[in-house]
Amino acid sequence: MEHPRPDRLHLLGHDPATRRRDPHGHARGGRSDGGRRRGRGLRRGPRRAHQHRGPALTGLPFITQQPQRTESDTVTDAPVDSRPVRVRMAPSPTGSPHVGLVRTALYNWAFARHHGGTFVFRIEDTDTARNTEESYDSIIELMRWLGLDWDEGPEVGGPHAPYRQSERGDLYADALDKLRASSFTYDCYCNNDEVDARRKASGSKVMGYDGFCRELSDAQVAAFVGEGRKPIVRFRMPDGSVSWDDLVRGEITFETEFVPDYALCRANGDPLYTLVNPIDDALMEITHVLRGEDLLSSTPRQVALYDALIELGITDFTPRFGHLPYVMGEGNKKLSKRDPQAHALAYRDNGFLPEGLLNYLALLGWAIAADRDVFSLSEMVDAFEIGDVNANPARFDLKKCEAINASQMRLLSVEDMTHRALPFLKAAGVVGDPVHDADAQLLELAMPLIAERINKLTEAPDMLGFLFADEDGFEVDPTDAEKLLDDAGKEVVRAALDALADLHPWSTDAIQTALQTALIDGLGLKPRTAFGAVRVAVTGRRISPPLFESMELLGHDRSIGRLRRALG
RNA sequence: GCCCCCGUCGUCUAGCGGCCUAGGACGUCGCCCUCUCACGGCGGUAACGCCGGUUCAAAUCCGGUCGGGGGUACCA
């Protein structure tokens, strides 16, 4: 307002007619580059050959190849591709964290680790109306559970602290002041109704702000102020087009006539996402922005804003952008927070391994190899290339997620699985907390029986409960009892009792031989019927670990006791 | 409406002009193993949205079309 407003393009030394908006030197407005070399940066291969005619630059962490600029392009931003990689995850703490967030976090993390870069964690909590501390806590908890460690961020600090936007107000105010003092922005006094009315009257196809306040005279400003209007600050979108070489989609171009001037803050001065997100990325020197495809359409605004930030000396380069596909739910809708499958922490509570969830989520848009889909995090780090990420949305399939989790369970040692199952066993009351020595010993013997047959940790208490239950607390599943401990079943149990009462030694083999002789050979029963009845009597369930081993662990007296008890 | 993104089995994907009568995984179906459950093993099922063009050759490149999704805020 009080500052002079040099023509922005003039200020940049550009000819308005030829100014290209793309910071990486791509041909303006076109997808075809006529065979020119271009800054393909970290993209791996010519995935879409029509978009990438340059030589394949295979996965080098720091590509120094510089896109060529035209003579009119004098912006001196440093080459982002020659900088050490810095990526970030920037969730808003609203509600319970979503599996889509986990996938985004994972790709960012894997990208950082693959390139030996820095993974920054930042909390975007500027929307005080929607943010909650619970949500913040659960995001932290989630990241810790997953093992996606961050190098800078909440709880760990770092050179760009603080990492919660709610504590960075001064930084935004400062940036906003600088922006406002330039011609990159202007104060806007319009209200929504006025904008709508003008849009309607003009019959424009483009929605959004129409630039009415772009060139207000001092008298007009005085009049608005006189009415008591408070301005917001709008970013002045440049003429022409904005394009960038998207890390997962190739070159994307927007004509800026379809990208209206946008608000950077509220009338009360509160900064908006449109400002704080790029400001933080700039201040934190983020080199690669990997985020959901829902932000795709706000990218031309950010790219344009970056030009301004560079000009104002707030940063000296524009990051590369990569837009990750959605994680979809049932039907063709984005997996909604309403969907129980969406809640990331629920997978922990339901007995999934972090390895399982992460492995599955990695598969939603990326593949480690043509014929493999079970892998470790470190294998992923070795292999992960952002250019290999698929651009098309993926549907979340719980069945496959469970199958991948099961595969990861198979990879655990029995000791490890015991360790991981322990919280679930404690929570179910199967073992005490702390665990008694006797229980710990029993557990050590029992886990091998189930380690190969459970697909989630929550199955451990179900399978092992009978072993740890004292005889007063031991219960038989009523449905299973009704089915298998009918009169015929009780006959079987009686025969088993006779065969086992004086059995010595009490070993798996001896038990098996004794029962086989008495029930299969003696009574001529089918193994299924014979052992089924005994199983329910001894373990309380139709489904259990292997019967003879289970009985050995249970011991002679308790086994016999349960057989007696089944007879009523 | 306008802008942008996306389009290979039911689902996730491999595919980078000839290795493709399109590979793997999950699901599903059948069989084997078997004391239940699970694991494991074997086999079957099933896809390049459509139309043009380029090429000796197209799932792959180009154009169009249709379909799906997202955006179009003083939300993020």
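All values reported here derive from a predicted model rather than from experimental measurement.

## So, the overall build of chain A
Here is step 1: The helix and strand tally for chain A stands at 21 helices and eleven strands.
Here is step 2: Burial analysis of chain A (568 residues in total) assigns 53% to the buried set.
Here is step 3: Here the contacts in chain A between residues at least 6 apart in sequence split such that 73% fall between residues at least 24 apart.
Here is step 4: When the accessible surface of chain A is summed, it comes to about 25300 Å², and 51% of that surface belongs to carbon and sulfur atoms.

## So, the sheet that holds strand β3 (residues 185-188)
Here is step 1: Strand order in the open sheet made by the three strands is β3-β4-β7, with antiparallel pairing throughout. The outermost strands of the open sheet, each flanked by one partner alone, are β3 and β7 (262-263).
Here is step 2: Alignment of β3 against strand β4 (residues 232-235), held across four bridges, turns out to be antiparallel. Across the sheet, Asp187 pairs through a bridge with Val233, a residue of β4.

## What to know about the environment of Leu312
Here is step 1: Secondary-structure assignment places Leu312 in the loop between α8 (299-311) and β9 (320-324).
Here is step 2: Leu312 sits 128 residues away from Phe184 along the chain, and the two C-alpha atoms are 9.7 Å apart.
Here is step 3: If we ignore the near neighbours within four places in the chain, the residues touching Leu312 are Lys178, Leu179, Ser182 and Phe184.

## Thoughts on helix α14 (residues 437-451)
Here is step 1: Here α14 is 15 residues long and its end C-alpha atoms lie 21 Å apart, about the 21 Å a rise of 1.5 Å per residue gives.
Here is step 2: Largest kink in α14: about 30°, centred on Leu445, with the proline Pro448 one to four residues after it.
Here is step 3: Within the span of α14, buried status applies to Asp439, Leu442, Leu443, Ala446, Met447, Leu449, Ile450 and Ala451.

## Let's talk about the packing of helix α7 (residues 273-283) against α8
Here is step 1: Look at α7 against α8: their axes get within 10 Å of each other, and the N-to-C directions meet at 55°. Here α7 is positioned oblique relative to α8, judged by the angle of their axes. Of the two elements, α7 crosses α8, and the hand of that crossing is right-handed. Every residue of α8 that contacts α7 at Tyr273, Thr274, Asn277, Pro278, Ile279, Asp281 and Ala282 is listed here: Arg301, Gln302, Leu305, Tyr306 and Leu309.
Here is step 2: Across the contact of α7 with α8, the residue classes tally to seven nonpolar, three polar and two charged.

## A short note on the packing of helix α13 (residues 414-427) against α14
Here is step 1: Two numbers describe how α13 lies on α14: the axes approach to 10 Å, and their chain directions differ by 100°. By the criterion of interaxial angle, the relationship of α13 to α14 is roughly perpendicular. Taking contact as the criterion, the partners of Val414, Met417, Thr418, Ala421, Leu422 and Leu425 in α13 are, on α14, Leu443, Met447, Pro448 and Ala451.
Here is step 2: Partitioning the contact of α13 with α14 into residue classes produces nine nonpolar, one polar and no charged.

## A closer look at the pairing of strand β6 (residues 250-255)
Here is step 1: Two strands pair when backbone bridges link them, and strand β5 (residues 241-246) and β6 are joined in this way by six bridges, in the antiparallel orientation. By the bridge assignment, Asp246 is partnered in β6 with Gly250.
Here is step 2: Where β5 hands over to β6, the hairpin turn is made up of three residues, counted between the paired strands.

## Looking at the confidence of the model for chain A
Here is step 1: In the predicted model, chain A carries a mean pLDDT of 85, and the fraction of residues at 70 or more is 86%.
Here is step 2: Here helix α1 (residues 8-11) stands out as the element of chain A with the lowest mean pLDDT, 28, in contrast to strand β2 (residues 118-121), whose mean of 98 is the highest.
Here is step 3: Low confidence marks residues 1-78, where pLDDT is under 50. Its contacts with residues over four positions away, or in another chain, come to 184 contacts.
Here is step 4: Among the scores for the predicted complex, ipTM is 0.96 and pTM is 0.87.

## Points about unusual backbone geometry
Here is step 1: A cis geometry characterises the amide bond from Ala161 onward to Pro162, with omega recorded as -5°.
Here is step 2: Between His504 and Pro505 the backbone carries a cis peptide bond, its omega angle lying at -5°.
Here is step 3: Relative to the assigned elements, Pro505 resides in the loop between α17 (487-500) and α18 (508-522).
Here is step 4: The phi dihedral of Glu285 is positive, around 55°, even though this residue is not glycine.
Here is step 5: Summarising the element assignment, Glu285 is placed in the loop between α7 and β8 (288-292).

Parameters and conventions
Residues numbered from 1 in each chain as written. Chains lettered and ligands numbered in written order. Predicted model: local features only at pLDDT ≥ 70, side-chain atom pairs only at ≥ 80, totals over all residues. Heavy atoms only, no water. Helix = DSSP H or I, 4+ residues; strand = E, 2+ residues; numbered from the N terminus. Buried < 20%, exposed > 50% of the residue type's maximum accessible area, 1.4 Å probe, protein only. Contact = heavy atoms within 4.5 Å. Areas by Shrake-Rupley, 256 points an atom, 1.4 Å probe, with all protein chains shown as cover. Pairing = 2+ DSSP bridges. Expected span 1.5 Å × (residues − 1). Bend = angle between axes of the 7 residues up to and from the residue. Axes fitted to C-alpha atoms, helices over the stretch in contact; angles between N-to-C directions. Parallel < 35°, antiparallel > 145°, perpendicular 65-115°, else oblique. Left-handed = near helix turned anticlockwise from the far one by under 90°. Nonpolar A, V, L, I, M, F, W, Y, C, P; charged D, E, K, R; others polar. pLDDT = per-residue confidence, 0-100.

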